[in-house]
Structures are given as structure tokens and as C-alpha cells.
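# Overview (structure and organization)
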Amino acid sequence: MRSKLYHLKWLCGEREDWRWGCPPSKFPWTYSDKETCYLLEGKVKVYPDGSNEGVEIGAGDLVVFPKGMSCTWDVSVGVDKHYKFG
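So, a few notes on the structure that sits alongside this text. (Residues numbered from 1 in each chain as written. Predicted model: local features only at pLDDT ≥ 70, side-chain atom pairs only at ≥ 80, totals over all residues. Heavy atoms only, no water.)

## Some details on the overall build of the chain
To be explicit about the condition: For the purposes of this entry, the term helix denotes a DSSP run of H or I that reaches at least four residues, the term strand denotes a run of E that reaches at least two, and both are numbered from the N terminus. Three labels apply to residues, based on accessible area from a 1.4 Å probe with only protein chains included: buried if under 20% of the type maximum, exposed if over 50%, partly exposed otherwise in between. Contacts were defined at the residue level, with two residues in contact if any of their heavy atoms lie within 4.5 Å. Only the protein chains shown count as cover for residues, and the accessible areas themselves come from Shrake-Rupley with a 1.4 Å probe.
The helix and strand inventory of the chain stands at one helix and six strands. Secondary structure of the chain in N-to-C order comes out as α-β-β-β-β-β-β. Buried positions account for 33% of the 86 residues belonging to the chain. Sequence-distant contacts, at least 24 apart, represent 74% of the contacts inside the chain between residues at least 6 apart. When the accessible area of the chain is evaluated, it comes to approximately 5500 Å², of which 53% is carbon and sulfur surface.

## A word on the nonpolar core
The cut-off we apply is this: To qualify as a nonpolar core, a set must consist of buried Ala, Val, Leu, Ile, Met, Phe, Trp, Tyr and Cys residues joined through side-chain atoms within 4.5 Å.
Residues V44, V46, I57, F65, W73 and V75 are the most contacted members of the largest nonpolar core, which totals 16 residues. For this core, the secondary structure elements donating two or more residues are β3 (35-48), β5 (62-65) and β6 (70-85). Examining the composition of this core, we find that five residues originate from one element, β6, more than from any other. Once you skip the residues sitting within four places of it in the chain, V44 turns out to touch L39, V55, E56, I57, W73, D74, V75 and V79.

Right under this line is the structure:
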């Protein structure tokens, strides 16, 4: 079985411009395109609009957010992630 890091390299081509980070914070977000991301560091609870229940993601997780999804990110531990749109 291939590692998550292998899949990350395949998805992102190890390009630094596909890397993003933020400190602990809380903010709304809407995905204008599908996003695939791999969290290198951090801990986030993502609350889809209209829901009081969030989904927790953290370091080592590979996540796909669908195009058009609106949510609130509640970052409890600073995030460092690789990502790709489309």
C-alpha cells in the first residue's frame, strides 16, 4: 500500500505554491472549485453551513472539499497544508 505522502506528491507535484498555512483562527470559506488537501500540521474543525456539527481534521489527513461547499473553519492548532484545485 502506498503512503499518504506518495499520494500528496502525485496530487501536488511537490510545488511550494500549492502550500498554505494559517495560525489559530475562525473564518468562513466557500470553495469556488473542488479542493484536495493534505494537512502536514494543525487541527481544524470544519462546520458546513447550516450544521452545528463539525468534522475534525488534522495532521496526516487527506481531505476533498467539493466545489460550492460553504463552511466555517475553526483552526485550533496552526495549519500547514498542501492543496490542489480541480
